[in-house]
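The residues making up each chain are set out below.
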Amino acid sequence: MTNPTHSVTLLTRAGCGLCGVALEQLRRVCGEFGIEPQTLDVDEAAATDPGLRAEYGDRLPVVLLDGREHSYFDVDETRLRADLTR
């Protein structure tokens with residue numbers, strides 16, 4: 001059984017090639033659970049939340065599941081699927 005209250009956010013930045021690959025993976029995996037992944041550009045967010053870029057800016061892309069770091073650089077599809085069923 002899936003939990004429709006899960007949220008998945010991809011932290012990204014303009015020009016990040018790995019971020020585009022990660023977004024496609026997330027769309028595919030999250031689509032299996034009826035979830036639309038969100039994106040957040042850490043450079044744009046730095047205007048109001050500079051800590052976000054300071055914490056994650058050198059490890060992009062970063063996947064957040066329910067606001068907590070789930071994976072970075074690569075989408076851990078197997079683990080994400082398992083966690084989305086909880």
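Our subject in this report is the structure included herewith. Keep in mind it's a predicted model, so treat the numbers as computed, not measured.

### Notes on the pairing of strand 4 (residues 68-72)
Pairing of strand 3 (residues 62-65) with strand 4 involves four bridges; the strand directions are antiparallel. Note that in strand 4 the partner of Val62 across the bridge is Tyr72. Connecting strand 3 to the next strand, strand 4, in antiparallel fashion are two residues, including Asp66 with a positive phi near 55°.

### Topic: the side chain of Glu77
Of note, Glu77 is situated in helix 4 (residues 77-84). Excluding residues within four positions of it along the chain, Glu77 makes contact with Gln25, Arg28 and Val29.

### Describing the state of the cysteines
Disulfides are covalent bonds that connect the sulfur atoms of two cysteines. This model, assessed by the stated rule, comprises one disulfide. Across the disulfide, Cys16 is cross-linked to Cys19 (sulfur-sulfur distance 2.2 Å). The sign of the 75° torsion about the S-S bond sets the Cys16-Cys19 disulfide as right-handed. Cysteine Cys30 remains unbridged, with the sulfur of Cys19 as its closest cysteine sulfur at 15 Å. The exposure class of Cys30 is buried, given its relative accessible area of 0%.

### Observations regarding the sheet that holds strand 2 (residues 38-41)
As summarised here, the arrangement of the four strands in space is 2-1-3-4, forming an open sheet in which the pairing is mixed. With partners counted over all chains shown, the strands left at the sheet margins are strand 2 and strand 4, one partner each. Taken pair by pair, the neighbouring strands of this sheet meet at an average axis angle of 30°, ignoring direction. Contacting strand 1 (8-12), strand 2 and strand 3, helix 1 (residues 17-31) crosses the sheet at an angle of about 175° to strand 1.

### Let's talk about the pattern of salt bridges
Enumeration over the complete set of coordinates arrives at nine salt bridges. In this structure, Arg81 and Glu32 form a salt bridge, with 2.9 Å as the shortest nitrogen-oxygen distance. Within this pair, whereas Arg81 is found in helix 4, its partner Glu32 is found in the loop between helix 1 and strand 2, the two being separated by 49 residues in sequence. Accessibility expressed as a relative area gives 46% for Glu32, which makes it partly exposed. Here Asp83 ties to Arg79 by a salt bridge, and the two come within 3.8 Å at their closest N and O atoms. One end of the pair is Asp83 and the other is Arg79, both in helix 4 and four residues apart, which spans about a single turn. The buried category is assigned to Asp83, whose relative accessible area is 13%. Three or more residues are tied together by salt bridges with common partners; here these are Arg28, Glu32, Glu77 and Arg81.

Analysis parameters
Residues numbered from 1 in each chain as written. Predicted model: local features only at pLDDT ≥ 70, side-chain atom pairs only at ≥ 80, totals over all residues. Heavy atoms only, no water. Pairing = 2+ DSSP bridges. Helix = DSSP H or I, 4+ residues; strand = E, 2+ residues; numbered from the N terminus. Contact = heavy atoms within 4.5 Å. Disulfide = S-S within 2.5 Å. Buried < 20%, exposed > 50% of the residue type's maximum accessible area, 1.4 Å probe, protein only. Axes fitted to C-alpha atoms, helices over the stretch in contact; angles between N-to-C directions. Salt bridge = Lys/Arg side-chain N within 4 Å of Asp/Glu carboxyl O.

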